[in-house]
Amino acid sequence: MSSSLVKNRIGGMVTLLVALVLAGGVVNAAKIKAITEKVDAIMIGDRIVDIAYHLGVMPVAMSIRGSEWPESKPYKVVSQILGCPKRVTVKSKERVPDALKKFGVKRIIVERNPQFCAYMPKVDPVNIESVLKERNVTGISIEYVDFSKGVESAIKQTAKLLGKEDKADALIEKLNKKTAKMKAGMSKEKLGKKVLILKGTYQTSTGKPSIRVEAPGGYADKYFLEPLGCSNVGGVFAPKDGKPKKGHFDVPKKRKFVDLGKVIEANPDVIVMTGDVVAVQKALAGYIEKNPELAKVPAIKNMAMYKLPIHIGSSIFKYPDMFKKWQKILSN
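Computed from a predicted model, the values in this text were never measured in an experiment. (Residues numbered from 1 in each chain as written. Predicted model: local features only at pLDDT ≥ 70, side-chain atom pairs only at ≥ 80, totals over all residues. Heavy atoms only, no water.)

(A) A look at the overall build of the chain. Along the chain, the regular secondary structure elements total 12 helices and 11 strands. Taken across its 332 residues, the chain has 49% of its residues classed as buried. Contacts spanning at least 24 positions in sequence make up 67% of the contacts within the chain whose residues lie at least 6 apart. Element-wise, carbon and sulfur atoms account for 52% of the exposed surface of the chain, whose accessible area totals about 16400 Å². (Helix = DSSP H or I, 4+ residues; strand = E, 2+ residues; numbered from the N terminus. Buried < 20%, exposed > 50% of the residue type's maximum accessible area, 1.4 Å probe, protein only. Contact = heavy atoms within 4.5 Å. Areas by Shrake-Rupley, 256 points an atom, 1.4 Å probe, with all protein chains shown as cover.)

Shown next as structure tokens:
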């Protein structure tokens, strides 16, 4: 297959994917405006915000991993994002105290989770308590939702704090049904696909793409690849020390192209595109011009390249549907 044909086919697929993603974002934002009510509180932690939304409530402000959690974009329509928990507890400690004054609220609801972020294990939303003490902020109620007791308990705790106890059981039942259906549809046989996950960033100022590869052992492995019996072949991109940055390996950039030569070494059956898929498409097409051997990789030769949802543990209620998408694609 010629490099120009590969580029054209990839380009057409990506254009359609981008249109669908943008359309979905608009619908979700409108839905959130219509069905949620505001609570006079600041929430710190992805999962409590996700639960609150599904209970019909959003905080006036929130601290979540917005850059890593695509499904959070519509939430920002009705709640101000203050930055991620690392930002508000380490780098910009004034943000929560300033927001408390700005919105005139005296209540913070915090996610207590022993595994809050696999990318940054030291980050802990609970540290906001020491930030308030350091800043001499008083008269603030800090309430916690403990996720160490499981998701069902966390839903009940959140519902109680928000005065939505009457909705908790129905929400739990809905989640359990979706989870049971997901598990029932899982094949007992391992799919055995070799998967490479490329995350793209498009630099508007230069028109050049940047690519990162999801490292083995991360969120995709935990939530999708391991349960489906597939392997993450992104390890070929590991630097000399073998350590990823926030769960990813950076792909080297040359003067005129992104060096994707190791994709040939990885020889994936499927390429999963995350982040800015146009950047991934541009990088692949650019390297094929440099080295047409890339077109012989099974994932490219067979056009097995897909945009699939990422899951970092935040979208509790969407995970079963995300899993089914991965399962369907990797089962082909």
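Read on, since the account is not over.
(B) Examining the environment of Asn232 more closely. Assignment of secondary structure puts Asn232 in strand S8 (residues 231–232). On the basis of relative accessibility, which here comes to 11%, the residue Asn232 falls in the buried class. Separated by 16 residues in the primary sequence, Asn232 and Pro216 place their C-alpha atoms 5.5 Å from one another. If we skip the residues at most four places from it in the chain, Asn232 touches Val195, Ile197, Glu214, Ala215, Pro216, Asp221 and Leu225. Separated by 3.3 Å, the side chain of Asn232 and the backbone oxygen of Glu214 make a polar contact. Within polar-contact distance, the side chain of Asn232 engages the backbone oxygen of Ala215 at 3.4 Å. (Polar contact = N/O pair within 3.5 Å; in protein donor to acceptor, adjacent residues only side chain to side chain.)

(C) Local environment of the packing of helix H7 (residues 165–184) against helix H12 (residues 319–331). Between H7 and H12, the shortest axis-to-axis distance is 9 Å and the interhelical angle comes to 20°. By the criterion of interaxial angle, the relationship of H7 to H12 is roughly parallel. The crossing of H7 and H12 is left-handed. For the pair formed by H7 and H12, the contact residues are Lys178, Thr179, Lys181 and Met182 on the first element and Tyr319, Pro320, Asp321, Phe323 and Lys324 on the second. Classifying every residue of the contact of H7 with H12 by side-chain character gives four nonpolar, one polar and four charged. (Axes fitted to C-alpha atoms, helices over the stretch in contact; angles between N-to-C directions. Parallel < 35°, antiparallel > 145°, perpendicular 65-115°, else oblique. Left-handed = near helix turned anticlockwise from the far one by under 90°. Nonpolar A, V, L, I, M, F, W, Y, C, P; charged D, E, K, R; others polar.)

(D) Representation of the environment of Leu198 within the structure. Note on placement: Leu198 falls in strand S6 (residues 194–203). Along the backbone, Leu198 and Met273 are 75 residues apart, and their C-alpha atoms lie at a distance of 5.1 Å. Residues in contact with Leu198, not counting those within four places in the same chain, are Ile211, Arg212, Val213, Ile271, Val272, Met273, Thr274, Val280 and Leu284.

(E) Examining the pattern of salt bridges more closely. Inspection of every chain in the model, using the stated rule, returns 13 salt bridges. Close ionic contact of Lys133 with Glu129 constitutes a salt bridge, the shortest N to O distance being 3.8 Å. Pair noted here: Lys133 and Glu129 are both in helix H5 (residues 128–134), with a separation of four residues, about one helical turn. Taking the relative accessible area as the measure of exposure, Glu129 reaches 31% and is therefore partly exposed. With a shortest N-O distance of 3.5 Å, Lys177 and Glu173 are connected by a salt bridge. Linking Lys177 with Glu173, this pair stays in helix H7, spanning four residues, or about one helical turn. Using a relative accessible area of 56% as the deciding quantity, one classes Lys177 as exposed. (Salt bridge = Lys/Arg side-chain N within 4 Å of Asp/Glu carboxyl O.)

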